[in-house]
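Working through the structure, step by step
Each chain, written out:
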Amino acid sequence: MNAHVANTIEYVKKTHAGQPVFVQAVDEMLSSISPVLDAHPEYEKADLLKRMVEPERMFTFRVCWLDDHGNWQTNRGWRVQFNGAIGPYKGGLRFQKNVNEDIIKFLGFEQTYKNCLTGLPMGGGKGGSDFDPAGKSDGEVMRFCQSYMTALYRYIGPDIDVPAGDMGVGGREIGYLFGQYRRLKGVWENGVLTGKGLASGGSLIRPEATGYGAVYYLQEVLAHENDTIEGKRLAISGYGNVAWGIMKKASQLGAKVTYFAGPDGYIHDPDGVTGEKLDYILEMRAKDPLHCKPYAEKYGVEFVPGAKCWGVKDVDVYMPAATQNDVAMESAEKIAASGVKYYIEVANMPTTNDALNYLRSQKHMVVAPSKAVNAGGVGVSGLEMSQNSERLVWTAEEVDAQLHRMMKNIHRISMEAAEEYGLGYDLVSGANIASFKKVAEAMYEQGIF
Ligand code: 2IT
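So, a few notes on the structure that sits alongside this text. Worth saying up front: this structure is predicted, and the values here are computed from it rather than measured. (Residues numbered from 1 in each chain as written. Predicted model: local features only at pLDDT ≥ 70, side-chain atom pairs only at ≥ 80, totals over all residues. Heavy atoms only, no water.)

1. Points about the pattern of salt bridges
Oppositely charged side chains may form a pair once their charged atoms are brought near each other. Counting across every chain of the model gives 25 salt bridges. Between Asp316 and Arg233 there is a salt bridge, and its shortest N-O distance comes to 3.1 Å. Placement of Asp316 in the loop between β9 (302–305) and β10 (317–320) and of Arg233 in strand β6 (residues 233–237) is noted, with a sequence separation of 83 residues between them. The class of Arg233 is partly exposed, set by a relative accessible area of 29%. (Salt bridge = Lys/Arg side-chain N within 4 Å of Asp/Glu carboxyl O. Helix = DSSP H or I, 4+ residues; strand = E, 2+ residues; numbered from the N terminus. Buried < 20%, exposed > 50% of the residue type's maximum accessible area, 1.4 Å probe, protein only.)

The following block contains the structure:
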């Protein structure tokens, strides 16, 4: 490994001992980019790597709100503006009770390189709160969002920093956040947030974009292997927004999701999640995002409590689409032993580093990294920003066609970057190298900053 890369990884490990997830994301990314540093000794001189692992800035703030019983509640809020070298900071907000500074930094770091892969001018940012949306009324969520935006509005804007949704933040929350921004600023700047409802200037296809994009990327991988998506059986984790997009697009293209998982266990539906079952997924999630068992009861299919579906053999593709570190070494061993060829990461960093490296070392497997596979979500957010800037509304077909092109391009540039350095069909290294090169070049040409 290039010495500057190795030293930077050691430096981050030493200085961020309390932030294991951030360290993991940095380690995963930097471990791929030695050949680029070998080719560009000027980057070491410019201390580029140390600058890349330090956010440009990060805000932490309190968010106070009144619950329905008239009690004051206080939550913690964050926004990291990680890297603005290639565009306004861009990335979602995660509202979940386990959110902390470590998680926000890991997500902001990943976002920088993911956003770069889309080819659109977007820098990396991320934010969130330890607010737990589970069981909260609409009124409570609205008051929380208003308070969150009151703390943040001075620091964001369509050309500054553009938040969106992530776990726990969907169209409803974005609506309340945007309403408060507009009230405070008194301007029509709807490009300040993406994932808005259509009436507020949201983009068609944005809710589906991450899942659709993941399936488009999978199609590229399959085409590379002289294979097609028809008849493919997918095992995924999650049944949230992203998982739902995968289910829908897979069924449109003649494939099917036959396994999916929630925090309570996993479902096996050999006929696949298709037709009206897709609507039921939305209904079930709105009622209770923590239990997928009701699906098994409704459709008379198998539910395995307290387990993950990693290692099942009667599928063709695994797609972890729930949350970070869902697949650790024990699951990776089962996945490798199952004989299934395709491991397509979807959630942000769903695999621990040792598990990811183990899967990548399996000769019979093709592994694709989340920062490429899930980039369609933020990619369509970028298209929403474009529509807001030009004050036009694109058709679903136009947005979908651009998303499809974007995913093909991400697969192609990743493949080419890996080939350029003699790494073969290594989509993980390729995505890291392709995105690193562009961010590094922009930072280098902008001087010390
Ligand atoms: O992880 C992600 O890429 C997102 N949560 C979407 C971010 C965005 O700005 O649309």
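Okay, back to it.
2. Some points on the sheet that holds strand β4 (residues 123–129)
Spatially, β1-β2-β4-β3-β5 is the arrangement adopted by the 5 strands of the open sheet, whose pairing is mixed. Bordering the open sheet on either side are β1 (57–66) and β5 (161–165), each of which pairs with just one other strand. Averaged over all pairs of adjacent strands, the angle between strand axes in this sheet comes to 20 degrees, irrespective of strand direction. Pairing of strand β2 (residues 72–83) with β4 involves 6 bridges; the strand directions are antiparallel. Bridging across to β4, Arg79 finds its partner in Gly127. (Pairing = 2+ DSSP bridges. Axes fitted to C-alpha atoms, helices over the stretch in contact; angles between N-to-C directions.)

3. A few points about the nonpolar core
Ranked by internal contacts, the top residues of the largest apolar core, which has 101 residues, are Ile246, Phe260, Tyr295, Met319 and Phe436. Excluding anything up to four places from it in sequence, Phe260 contacts Ile236, Gly238, Tyr239, Met247, Tyr266, Ile267, Val273, Ile281, Met284, Cys292 and Tyr295. Grouped together as the second largest cluster of nonpolar side chains are 22 residues, Phe59, Leu152, Val169 and Val192 included. (Core = buried A, V, L, I, M, F, W, Y, C linked by side-chain atoms within 4.5 Å. Contact = heavy atoms within 4.5 Å.)

4. A closer look at the site of the ligand
Taken together, 13 residues lie around the ligand, and Lys90, Lys114, Asp166, Arg206 and Ser381 are the ones closest in. Take Asp166: an N or O atom from its side chain is 2.9 Å from a nitrogen atom of the ligand. Asn348 places a side-chain nitrogen or oxygen 3.1 Å from an oxygen atom of the ligand. When isolated, the ligand has an accessible area of 290 Å², and the protein chains bury 93% of it. (Near = heavy atom within 4 Å. Polar contact = N/O pair within 3.5 Å; in protein donor to acceptor, adjacent residues only side chain to side chain. Areas by Shrake-Rupley, 256 points an atom, 1.4 Å probe, with all protein chains shown as cover.)

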